[in-house]
Amino acid sequence: MFVPCVEPAPELTGFTLLMPAVSVGNVGQLAIDLIISTLNMFKVGYFYTDCLVPMVGNNPYATTEENSTELSINTEVYSLPSRKLVALQLRSIFIKYKSKSFCEKLLSWVKNSNCARVIVLSSSHSYHRSDLQLRSTPFRYLLTPSMQKSVQNKIKSLNWEEMEKSQCIPGIEDSEFCVRIPGGGITKALYEESCCREIPMAVLLKFVSEGDNIPDALGLVEYLNEWLQIIKPCMDDSTVSALPWKIPSSWRLLFGSGLPPALF
């Protein structure tokens, strides 16, 4: 499934894998874009898979005219060995009935690569929130049992709120309670499969609505940064609260090109 594009093939033992779910507002994918761009992570390979719709495009993280012509495809892997980080970016939707197969193959690769843990960045429909969720932070997390052993104390110190369980069948009084992530794509499938395989995984998500989801992506990476400390706040100016995330060059066309002057 994984095809390296560098020699020698990357050694990922002990690395933290960051990846998105293709979910409402594409928030996870935008967040991974910010991380790859900010940390200047370099491409080490891609996934050869029939589970996602094929696509090809220019380099989304181009910094010069020369590297802007490099091609990118639907599933690529980026690495930063100095921080023991590897990022998987998904740029396409899943082909019908193929998402479960992708989750299984992905987690097999995680096991074989000896990655230390997986962190999934995701989102869920804000209009599905309960009254309790409406009165609290829009961020939630989930930890697999094998992840809880190593990070639960740290997570508790951050005062984060765990994703609440709700009725599996809404409106049915005697329905069992389970984790529901409406609009979360493969998030729940990845989480449940990781629980079964005893893979350390954390899911970080935000309740969002479709629209301009750049602020949601910025919020999600800052939520992640509270835990991993990927980047440090600027200390030169005490009035600056925002972290220096680097916006990818491809975001200039996030909503398409401008209106043609000929219209006016």
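Residues numbered from 1 in each chain as written. Predicted model: local features only at pLDDT ≥ 70, side-chain atom pairs only at ≥ 80, totals over all residues. Heavy atoms only, no water.

Peer 1: How do you make sense of the packing of aromatic side chains when you look at a structure like this?
Peer 2: The relation between two aromatic rings is expressed through the spacing of the ring centres and the mutual angle of the planes. Taken as a whole, this structure holds 10 aromatic pairs when the rule is applied. Ring centres 6.1 Å apart and planes at 85° place the aromatic pair F2 and F47 in the edge-to-face group. Here F2, found in strand β1 (residues 2–4), pairs with F47, found in strand β3 (residues 42–47); they are 45 residues apart in sequence, far enough to count as distant. (Phe/Tyr/Trp six-rings, centres within 6.5 Å; stacked < 30°, edge-to-face > 60°. Helix = DSSP H or I, 4+ residues; strand = E, 2+ residues; numbered from the N terminus.)

Peer 1: I tried to follow unusual backbone geometry on my own but got confused; where do I start?
Peer 2: With the exception of glycine, most residues fall at negative phi, and the peptide bonds are largely trans. The omega torsion of the bond from E7 to P8 falls at -5°, within 30 degrees of zero and hence cis. Here P8 shows up in the loop between β1 and β2 (16–20). Located in the positive-phi region is K84, a residue other than glycine, with phi close to 55°. The topology assignment puts K84 in the loop between β6 (75–80) and β7 (85–90). Even without glycine at this site, N114 takes up a positive phi of about 60°. Considering the arrangement of structural elements, one finds N114 in the loop between α2 (99–113) and β8 (117–125). You can call N114 partly exposed: its relative accessible area is 45%. (Buried < 20%, exposed > 50% of the residue type's maximum accessible area, 1.4 Å probe, protein only.)

Peer 1: In this structure, what is going on with helix α4 (residues 145–157)? I would like to understand it.
Peer 2: The α-helix winds at 3.6 residues per turn, so residues separated by three or four positions along the chain end up facing the same way. Counted at 1.5 Å a residue, the expected span for α4 with its 13 residues is 18 Å, and the 18 Å between its end C-alpha atoms agrees. At V151, α4 shows its maximal bend, which comes to roughly 70°. When we look at burial in α4, the residues that qualify are S146, M147, V151 and I155. Looking at the buried positions of α4, the neighbouring elements they touch are β8, β9 (139–143), β12 (201–208) and α6 (214–228). Residue N159 follows α4 closely and has a positive phi angle near 60°. (Expected span 1.5 Å × (residues − 1). Bend = angle between axes of the 7 residues up to and from the residue. Contact = heavy atoms within 4.5 Å.)

Peer 1: What am I meant to see in the environment of G25 here?
Peer 2: Relative to the helices and strands, G25 resides in the loop between β2 and α1 (27–39). Given the relative accessible area of 5%, G25 is considered buried. With 100 residues separating them in the primary sequence, G25 and H125 have C-alpha atoms 8.9 Å apart. Sequence-distant contacts of G25, that is, excluding residues within four places in its chain, are made with L30, E210 and N213.

Peer 1: What am I meant to see in the side chain of Q133 here?
Peer 2: Tracing the sequence through the fold places Q133 in helix α3 (residues 131–134). We classify Q133 as buried; its relative accessible area is 7%. A distance of 2.9 Å separates a polar atom in the side chain of Q133 from the backbone nitrogen of S130. (Polar contact = N/O pair within 3.5 Å; in protein donor to acceptor, adjacent residues only side chain to side chain.)

Peer 1: For this particular structure, what's the right way to read the pairing of β7?
Peer 2: Walk down a regular strand and you will see the side chains alternate between the two sheet faces. β7 sits mainly inside the fold: 6 of its 6 residues count as buried. What you see with β7 is no split at all: L85, A87 and Q89 on one side and V86, L88 and L90 on the other are buried throughout. Here β6 pairs with β7 via 6 bridges, running antiparallel. Paired with T75 across the strands is L90, a residue of β7. From the end of β6 to the start of β7, which pair antiparallel, there are 4 residues, and K84 there has a positive phi angle of about 55°. (Pairing = 2+ DSSP bridges.)

Peer 1: Just to check I follow, could you spell out the pattern of salt bridges for this structure?
Peer 2: Pairing of side chains with opposite charge becomes possible as their charged atoms draw close. Under the counting rule described, the total for this entry stands at 9 salt bridges. A salt bridge links K43 to E76; the nearest nitrogen and oxygen atoms lie 3.0 Å apart. Highlighted residues: K43 in strand β3 and E76 in strand β6, separated in sequence by 33 residues. On the accessibility criterion, E76 (2% relative accessible area) is buried. (Salt bridge = Lys/Arg side-chain N within 4 Å of Asp/Glu carboxyl O.)

Peer 1: Teacher, can you tell me more about the pairing of β9 here?
Peer 2: Burial analysis of β9 places 5 of its 5 residues in the buried class, which makes it a mostly covered element. Burial of the side chains of β9 extends over both faces: F139, Y141 and L143 are buried on one face and R140 and L142 on the other. Taken together, the 5 bridges between β9 and β12 define a ladder with antiparallel strand orientation. By the bridge assignment for β12, R140 is matched with L205.

Peer 1: Can you walk me through a nonpolar patch on the surface in this structure?
Peer 2: A surface patch of nonpolar side chains, amounting to about 220 Å² of accessible area, comprises V53, I93 and I95. Mapped onto the elements of the fold, V53 is located in the loop between β3 and β4 (56–58). Under the relative-accessibility criterion, V53 is labelled partly exposed at 31%. (Patch = residues over 30% accessible without salt bridge, like charges linked within 9 Å, V, L, I, M, F, W, Y side chains within 5 Å. Areas by Shrake-Rupley, 256 points an atom, 1.4 Å probe, with all protein chains shown as cover.)

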